[in-house]
There are 2 protein chains.
Amino acid sequence: MVLSGIWKRHEDSKEPPPNLIFSHAKDIPATDVQDICFSVGWSKREPALISRALLNSLAVVSAWDGPLMVGFARATGDKVFNATVWDVVVRPSYQRKGIGLMVMRELLIELDSYDIPLVTLYADPGTDSFYKRFGFLCDPSGVRGMFREIDRKT
Amino acid sequence: MVLSGIWKRHEDSKEPPPNLIFSHAKDIPATDVQDICFSVGWSKREPALISRALLNSLAVVSAWDGPLMVGFARATGDKVFNATVWDVVVRPSYQRKGIGLMVMRELLIELDSYDIPLVTLYADPGTDSFYKRFGFLCDPSGVRGMFREIDRKT
């Protein structure tokens, strides 16, 4: 009943939970990343692969409400000239509270600390206005995002 | 005169130089990378920064005609779920000989050896047909490439 009460408070409030903690650690539990990604309908990735991808990422940010991961984002890159943002996600029951903005802000603070001049991302339809708030522009100078997808062998 | 003769042969031929060598080494001379990028009009990046970016890249491919770098491409990524291709370049006097295709093929062979399911890139205007030959698609499912550029402090 207490848990349910807390849950209700989060859903009703437009403010983020007051005790939200942000982490820049890469060695967070892969199952928590798997769970938050699955909560928004993304396919379930293997925890061992997630752990490896996090360690090979340039920056990883997670937002925690107690033991629950409620926001996540990461970036790959060369730590010098460019970085690319991936997997920006907020747990559905914690959305519309500004947590996505806070996660992105934390990620960009880390990337800017490396003095990386170009940060890129691939925005899903309808999400570009969110990223424009951080200074991202769509297809500047006619540059087009391109994708080549293949099935994993394993 | 001999050098000039070799040069002429390259410019006239639609075939790549027969002795072209491909390298997947990351510790290639930064000044050679700086030079080939400058040859196509890109801004001159500091060699020390180039070296650091190459070491932090996931894959680096260079094509050599003797001591001259004639083609280059690299990719960043997490080595698990995604990679992003950057800086695909062929020295102007060596263009239209299929060297770009060969460089991209070498890069994708290395990325595919890691079993990476998603390879992305940002295509300059007019270059998307080149990348489509490798299975890249523009903006699939309405995904848009976005960029945030800031000036380096140093």
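It should be noted that the structure appears before, not after, this text.
Below: a short report on this structure.

The rules behind the values
Residues numbered from 1 in each chain as written. Chains lettered and ligands numbered in written order. Predicted model: local features only at pLDDT ≥ 70, side-chain atom pairs only at ≥ 80, totals over all residues. Heavy atoms only, no water. Contact = heavy atoms within 4.5 Å. Buried area = accessible area lost by both parts, 1.4 Å probe. Salt bridge = Lys/Arg side-chain N within 4 Å of Asp/Glu carboxyl O. Polar contact = N/O pair within 3.5 Å; in protein donor to acceptor, adjacent residues only side chain to side chain. Helix = DSSP H or I, 4+ residues; strand = E, 2+ residues; numbered from the N terminus. Buried < 20%, exposed > 50% of the residue type's maximum accessible area, 1.4 Å probe, protein only. Pairing = 2+ DSSP bridges. Axes fitted to C-alpha atoms, helices over the stretch in contact; angles between N-to-C directions.

1. Structural notes on the interface of chain A and chain B
In step 1: Across the contact, 54 residues belong to chain A and 54 residues belong to chain B.
In step 2: Of the roughly 5,100 Å² buried between chain A and chain B on both sides combined, carbon and sulfur atoms contribute 54%.
In step 3: Contact with chain B buries surface across chain A, with F81, M146 and R148 of chain A losing the most and accounting together for 18% of the total.
In step 4: Here chain A is connected to chain B by 6 salt bridges.
In step 5: With its nearest N and O atoms 2.9 Å apart, the salt bridge here joins D78 of chain B to R74 of chain A.
In step 6: On the surface where chain A and chain B come into contact, there are 28 residue pairs in polar contact (both at pLDDT 80 or more).

2. Topic: the side chain of R148 of chain A
In step 1: Along the chain, the position of R148 of chain A falls in strand β7 (residues 144–149).
In step 2: At 3.2 Å, the side chain of R148 of chain A forms a polar contact with the backbone oxygen of F134 of chain B.
In step 3: Those residues in contact with R148 of chain A that sit more than four places away from it in its chain are L108, D112, P117, L118, V119, F134, G135 and F136 of chain B.

3. A look at helix α2 (residues 30–39) of chain B
Residue and element names in this part refer to chain B.
In step 1: Burial in α2 covers these residues: A30, V33, Q34, I36 and C37.
In step 2: Elements in contact with the buried residues of α2: α3 (47–55), β3 (68–77) and β4 (82–90).
In step 3: In the segment just after α2, G41 is the residue with positive phi, at about 90 degrees.

4. Some details on the sheet that holds strand β1 (residues 21–23) of chain A
Across a sheet, paired strands are connected by hydrogen bonds in the backbone, their directions being either parallel or antiparallel.
In step 1: Strand order in the open sheet formed by 7 strands is β1(A)-β2(A)-β3(A)-β4(A)-β5(A)-β7(B)-β6(A), with mixed pairing between adjacent strands. Strand pairing shows two members of the sheet lacking a second neighbour, β1 and β6 (137–138) of chain A, which therefore form its edges.
In step 2: Two elements, strand β2 (residues 59–65) of chain A and strand β3 (residues 68–77) of chain A, share 7 bridges in a ladder whose sense is antiparallel. Bridging from a neighbouring strand, V60 of chain A pairs with R74 of chain A of β3 of chain A.

5. A word on the sheet that holds strand β6 (residues 137–138) of chain B
In step 1: Reading across from one edge, β1(B)-β2(B)-β3(B)-β4(B)-β5(B)-β7(A)-β6(B) is the order of the 7 strands in this open sheet, with mixed pairing throughout. For this open sheet the edge positions go to β1 (21–23) and β6 of chain B, each flanked by a neighbour on one side alone.
In step 2: The sheet contact formed by β7 of chain A and strand β5 (residues 118–123) of chain B spans 6 bridges and is antiparallel. Directly across from R148 of chain A, in β5 of chain B, lies its bridge partner V119 of chain B.
In step 3: In the packing of α2 of chain B onto the sheet, the strands contacted are β2 (59–65), β3 and β4 of chain B, and the crossing angle to β3 of chain B comes to about 100 degrees.

6. Side note on the environment of S39 of chain A
All names here are of chain A.
In step 1: Tracing the backbone through its elements, the reader meets S39 in helix α2 (residues 30–39).
In step 2: When the C-alpha positions of S39 and F81 are compared, they lie 33 Å apart, and in sequence the two are 42 residues distant.
In step 3: When residues no more than four places from it in sequence are discounted, the contact partners of S39 are R91 and P92.

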